[in-house]
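Coordinate inspection notes
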Amino acid sequence: MALRVWASSAANALRLSSAPPFPLSRCFSTVLDGLKYATSHEWVKHEGSVATIGITEHAQDHLGEVVFVELPEPGGAVTQASGFGAVESVKATSDVNSPISGEIVEVNTKLTETPGLINSSPYENGWMIKVKPSNPSELESLMGPKEYTKFCEEEDAAH
């Protein structure tokens, strides 16, 4: 907690900002094929018996520069649509929800030292947790790339 307060205070004192010089609603972030997306802006890549989870490029664009990431411990459980961690940026702190239920088998510890990986590489180096799904059919309730793109465009237009 002290580290989170320090990181937030340091970012505010330095007036760090990654706000783009254009409105976000006029641009759109990368959405990858082969992933499933939640309405809370997390992505899932299911390969074999493991699903990798992170936040989308769209989410990190809206958050701005990520300065702190709170992650769970391996061996714990996550439940679909429930929080498992948090991402703090220079703009806000946001809870991160799991798009699927399962057992956490791995956590991306690189994010502790380099939380900005979520900004620079949200779908590759910025993944957050790996889960052994307990109910793989939950993946069917998530959006594909086309549906997620439309969802984000509609959400941005409403703001």
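Here goes a summary of the coordinates provided. (Residues numbered from 1 in each chain as written. Predicted model: local features only at pLDDT ≥ 70, side-chain atom pairs only at ≥ 80, totals over all residues. Heavy atoms only, no water.)

Sheets are built from strands paired through backbone hydrogen bonds, the pairs being either parallel or antiparallel. The strand order across the open sheet built from three strands is β4-β6-β7, with neighbouring strands paired in antiparallel fashion. Lying at the two open borders of the sheet, with one neighbouring strand each, are β4 (66-70) and β7 (93-97). Each neighbouring strand pair of the sheet contributes to a mean axis angle of 25 degrees, computed without reference to strand direction. The sheet contact formed by strand β6 (residues 83-89) and β7 spans five bridges and is antiparallel. Opposite V87, over in β7, you have S94 as the bridge partner. (Pairing = 2+ DSSP bridges. Helix = DSSP H or I, 4+ residues; strand = E, 2+ residues; numbered from the N terminus. Axes fitted to C-alpha atoms, helices over the stretch in contact; angles between N-to-C directions.)

With that settled, the discussion passes to the sheet that holds strand β1 (residues 36-37). Here we have six strands laid out as an open sheet, ordered β1-β2-β3-β9-β8-β5, and antiparallel in their pairing. One side of each edge strand has no neighbouring strand; the edge strands of this open sheet are β1 and β5 (77-78).

What follows is about the packing of aromatic side chains. The final tally for this structure, using the stated rule, is three aromatic pairs. Taking the centre distance of 4.5 Å and the plane angle of 10 degrees together, the rings of Y37 and Y148 count as stacked. In this pair, Y37 sits in strand β1 while Y148 sits in helix α5 (residues 145-158), placing the two residues 111 residues apart along the sequence. Taking the relative accessible area as the measure of exposure, Y37 reaches 0% and is therefore buried. Ring pairing ties together the aromatic residues Y37, Y148 and F151, which thus form one cluster. If you follow K130 out to its NZ or CZ, it ends over the ring of W127, 4.9 Å from the centre. (Phe/Tyr/Trp six-rings, centres within 6.5 Å; stacked < 30°, edge-to-face > 60°. Buried < 20%, exposed > 50% of the residue type's maximum accessible area, 1.4 Å probe, protein only. Lys NZ or Arg CZ within 6 Å of the ring centre and 35° of its normal.)

With 14 residues, α5 should cover 20 Å at 1.5 Å per step; its first-to-last C-alpha distance of 20 Å lies within 8% of that length. Residues of α5 that are buried: P145, Y148, C152 and D156. With its buried residues spanning 65 degrees around the axis, α5 presents them on a single face. Of the exposed residues in α5, those oriented more than 90 degrees away from the buried face are K146, K150, A157 and A158. Considering only its buried residues, α5 is in contact with β1 and α2 (57-63). (Expected span 1.5 Å × (residues − 1). Arc of directions from axis to C-beta. Contact = heavy atoms within 4.5 Å.)

A side chain of one charge can pair with a side chain of the opposite charge when the charged atoms of the two come close. Applying the stated criterion across every chain yields a total of two salt bridges. Residue E154 is joined to K150 by a salt bridge in which the shortest nitrogen-to-oxygen separation is 3.9 Å. Placement of the pair is E154 and K150 together in helix α5, with a separation of four residues, close to one helical turn. (Salt bridge = Lys/Arg side-chain N within 4 Å of Asp/Glu carboxyl O.)

The next point concerns unusual backbone geometry. What you tend to see is this: most non-glycine residues have negative phi, and most peptide bonds are trans. Of note in this structure, H41 is not a glycine but carries a positive phi near 75 degrees. When you line up the elements, H41 lands in the loop between β1 and β2 (42-47). We classify H41 as buried; its relative accessible area is 11%. Look at A81: it is not a glycine, yet its phi comes out positive at around 70 degrees. Among the structural elements, A81 can be located in the loop between β5 and β6. A81 sits in the exposed class, given a relative accessible area of 60%.

Let's shift gears to the nonpolar core. By size, the foremost hydrophobic cluster in this structure holds 25 residues, and its most contacted members are I118, M128 and I129. Looking at this core, the elements that each hand over two or more residues are β3 (50-55), α2, β4, β6, β8 (102-107), α4 (117-120) and β9 (129-133). For this core, the leading source of residues is β3, giving three residues. Leave out the neighbours within four places in its chain, and I129 touches A51, T52, I53, P72, V78, F84, I104, E106 and V107. If you look at the next biggest cluster of nonpolar residues, it comprises nine residues, including W43, Y123, M143 and Y148. (Core = buried A, V, L, I, M, F, W, Y, C linked by side-chain atoms within 4.5 Å.)

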